[in-house]
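Report on the structure
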Amino acid sequence: MIIMKFGGSSIADADRVRHAVDLVRASLSRQPVVVVSAHGKTTDYLLAAAHTARGGVIDISAVTDYHARLIADLGIAPTLCDDLFERLEGFVRGVSLIRELTPRTVDQILSFGEQCSTRIVAAHMQQQGMPGVAVNSFDIGLETDSRHGAATPLPGIDASLASHVRAVDGIPVVTGFLGKDASGSITTLGRSGSDFTASIIGAALQVEEVQIWTDVSGVMTCDPSVDPRARSLAQLSFEEASELAYYGAEVLHPSTLVPAIRKGIPVRVLNTMHPEDAGSIILPDSALTPAAAKSIVYKEDVCLITVASARLMSAVEILSKAFGVLSEGGIGVHMAATSEATVSLVTDRDYDEKTIAHALERLDSLGTVQVSRGQAIVCVIGEELKSRVRILEEIFSRLGEQGIKARMVSQSATEINIAVLIRNDEIATAVTSLHELILAAPA
Ligand code: ADP
Ligand code: ASP
Ligand code: MG
C-alpha cells in the first residue's frame, strides 16, 4: 500500500485533476490511498468568506463559482457539491448574524474545501472506470485534540483509522487537513496540514511509502521562488527533513515527519506536472552531499522578545518563567539565548497585538521587556555541517558581505542546523547568498 497526497495546486483545475487521477491509475498495483487538499486556493477563499461574514456580508461566490467551473469542465454531475454549499452558506449566514467568528467555526467553514475536493476527485475517478470513494477523515477515526487551527492527532488512533480505511470498498480518496475532536467538532491540522494527514494515515496503515505530490520536483536546496537556481535533493534524512519543515520550508507541513519517523516509513516528494523527475526520498539515514549543507530555509514574521532582569534574577529563572508565560499564552519559541541576566526569545511565528500585549504584561514583572516585530530566521540545514569546522565563519562572512548582521545565532547539539536571526527585508539577500555555499559544490 502507498499514500498518494495531492496538494491544492496539483488539483487546481480540470486538467490537473485528470493528470493526478492518471498518476493514481499508474500506481494501482501498489493499492494507493489518496489524500487530497482543497482545490487550488479554496482554503483562502473560505477564510476570506468567514471574515467577510463577521463584518455582516454573506458571499461564498468565489468558492461556488470556482467549484462549479471545475465540475463543469470535468463533466461530472453539476449538483455533486450542492448540499455542501448549502451547509457552508448556513454557517456563513450564522457568522454574519452574530458577527462572531470562533476558531471552531473557522475550522467548520474551512472543512468544506476538502469535503468538496474528495467528492470531485472520486467522481472523476469513477468516470474513468476507477472505484474512487470520497472519505471524510473525521468520519473514520482521525481524532484530534481541540486546538482548532493547529490540532494534533490523539495517541492510539492507528488501529481504528487503519481498519476504517481498509473497510472502504474501492480506492479511498480521503480529506487532508481535517480531524474531529472528542466533542465531535471538526478540527484542522494547521495550514498545509494535508501533508500531515498523509503521514498520519500512512503510519496507521504501515504503508510502504508516503508520496507527497506537489508543484516542485522534491525538496530543494532552497525555496525556488526565492532563488531559481535551487536544485532538488535526491535524499534527506528524517532529521534533516524535520528541521527543514520546522524552520518553515513550505513544501512540508512541520509535523509531517512525526508519524513517518514513528513507523520508519519513507516519504517521497514528487512533482505532479513532472512525474518523470526523481524527486526526493526522505529516509531514516542521511546521504552526505559534497556541498556545505543540504538546504537553506527561512521563516518570516517572527518576533524577538528580550527580557532584562531588573532585580538580579538569574537567566535560568527568567528563562523558566518566561517560557511558562509564553506557553500559557499559546506562543511558541524557536530560538533562545541567555546572558548574565538577559534572556532573548524568538517566537515561532507572528502573533496578533492582543496575544503579544497580554504576554508582555505578564513578562513585565520579570524585568524590562522589549519586542521587535518583522524579524526572520534563516536556517542552514544538513548533516554535512557536522564536519565543516569553519561553517560559522563562512555563514557570517557571506552575510557580512551583503551588509547583513546576525542578531542572534543558534546551533543545535545535533549540529545539523544553524539558525540566524535577521530582518524580514533581508530574507531574499540572505537566502541567496547562503545558497551559494551549497551551489559552490558540484551538483
Ligand atoms: P502543495 O499545494 O502541493 O501542498 P505547497 O505550496 O504547500 O504545495 O508547497 C510547495 C511549495 O513550497 C513550492 O512551490 C515552493 O515554492 C515552496 N518551498 C519552500 N521551500 C522549499 C524547499 N526547500 N524545497 C521545495 N519547495 C519549497
Ligand atoms: N487546504 C489546506 C490549506 O490550504 C490544507 C492543505 O492544503 O494542505 O492550508
Ligand atoms: Mg502544502
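Residues numbered from 1 in each chain as written. Chains lettered and ligands numbered in written order. Predicted model: local features only at pLDDT ≥ 70, side-chain atom pairs only at ≥ 80, totals over all residues. Heavy atoms only, no water.

All right, on to the site of ligand 1 then. Around ligand 1, 19 residues are found, and the nearest of them are Lys 5, Thr 214, Asp 215, Met 220 and Asp 223. In this structure, an oxygen atom belonging to ligand 1 sits 3.2 Å away from a side-chain N or O atom of Lys 5. The separation between an oxygen atom of ligand 1 and a polar main-chain atom of Gly 8 is 3.4 Å. When ligand 1 is considered free in solution it has 570 Å² of accessible area, and contact with the protein chains removes 88% of it. Here the residues of the shell around ligand 1 are counted per class, giving 8 nonpolar, 7 polar and 4 charged. (Near = heavy atom within 4 Å. Polar contact = N/O pair within 3.5 Å; in protein donor to acceptor, adjacent residues only side chain to side chain. Areas by Shrake-Rupley, 256 points an atom, 1.4 Å probe, with all protein chains shown as cover. Nonpolar A, V, L, I, M, F, W, Y, C, P; charged D, E, K, R; others polar.)

We now examine the sheet that holds strand S11 (residues 295-309). Taken in spatial order, the 6 strands make up an open sheet running S12-S13-S11-S14-S16-S15, and their pairing is antiparallel. One side of each edge strand has no neighbouring strand; the edge strands of this open sheet are strand S12 (333-338) and strand S15 (408-411). Averaged over all neighbouring strand pairs, the angle between strand axes comes to 30°, with direction disregarded. Note that S15 and strand S16 (residues 417-423) share 4 bridges and pair antiparallel. Following the sheet pairing, Ser 410 is matched in S16 by Ala 419. Helix H10 (residues 315-328) rests against S11, S12 and strand S13 (342-347) of the sheet, and its axis sits at about 30° to S13. (Pairing = 2+ DSSP bridges. Helix = DSSP H or I, 4+ residues; strand = E, 2+ residues; numbered from the N terminus. Axes fitted to C-alpha atoms, helices over the stretch in contact; angles between N-to-C directions. Contact = heavy atoms within 4.5 Å.)

With 51 residues, the main nonpolar core has Ile 3, Ile 201 and Ile 282 as its most contacted residues. In terms of residues, this core owes the most to one element, helix H7 (residues 194-205), which gives 7 residues. In contact with Ile 3, other than residues within four places in its own chain, are Val 33, Val 35, Ala 198, Ile 201, Gly 202, Leu 205, Val 207, Glu 209, Val 210 and Gln 211. Ranked by size, the runner-up nonpolar core spans 49 residues in total, among them Val 24, Ala 49, Val 106 and Leu 270. (Core = buried A, V, L, I, M, F, W, Y, C linked by side-chain atoms within 4.5 Å. Buried < 20%, exposed > 50% of the residue type's maximum accessible area, 1.4 Å probe, protein only.)

The next subject is the site of ligand 2. In the vicinity of ligand 2, the contacting residues are Ser 37, Ala 38, Thr 43, Glu 114, Phe 177, Arg 191, Ser 192, Gly 193 and Ser 194. In this structure, Glu 114 approaches ligand 2 through a side-chain N or O atom, which is 2.7 Å from a nitrogen atom. The contact in question runs from an oxygen atom of ligand 2 to an N or O atom on the backbone of Gly 193, over 3.4 Å. Calculation on ligand 2 without its partners gives an accessible area of 260 Å², and the protein chains cover 88% of this total. Split by residue class, the shell around ligand 2 holds 2 nonpolar, 5 polar and 2 charged.

Pairing geometry for S11 and strand S14 (residues 367-381), over 12 bridges, is antiparallel. Considered in S14, the bridge of Leu 304 is made with Ser 372. Inspection of the sheet shows S14 paired to S16 by 7 bridges, in the antiparallel sense. Residue Ile 381 lies in a different strand from S16, and its bridge partner there is Asn 417.

Before going further, it helps to examine the packing of aromatic side chains. Using the criterion set out here, one finds 4 aromatic pairs in the structure. Centroid distance Phe 6 to Trp 213: 6.1 Å. Interplanar angle 20°. Geometry classified as stacked. Of this pair, Phe 6 sits in strand S1 (residues 2-6) while Trp 213 is found in strand S7 (residues 209-214), placing the two residues 207 residues apart along the sequence. Relative to Phe 112, the ring of Phe 91 lies with its centre 6.1 Å away and its plane at 50°, an arrangement referred to as tilted. With Phe 91 in helix H4 (residues 82-98) and Phe 112 in helix H5 (residues 103-127), this pair connects stretches of sequence that are 21 residues apart. (Phe/Tyr/Trp six-rings, centres within 6.5 Å; stacked < 30°, edge-to-face > 60°.)

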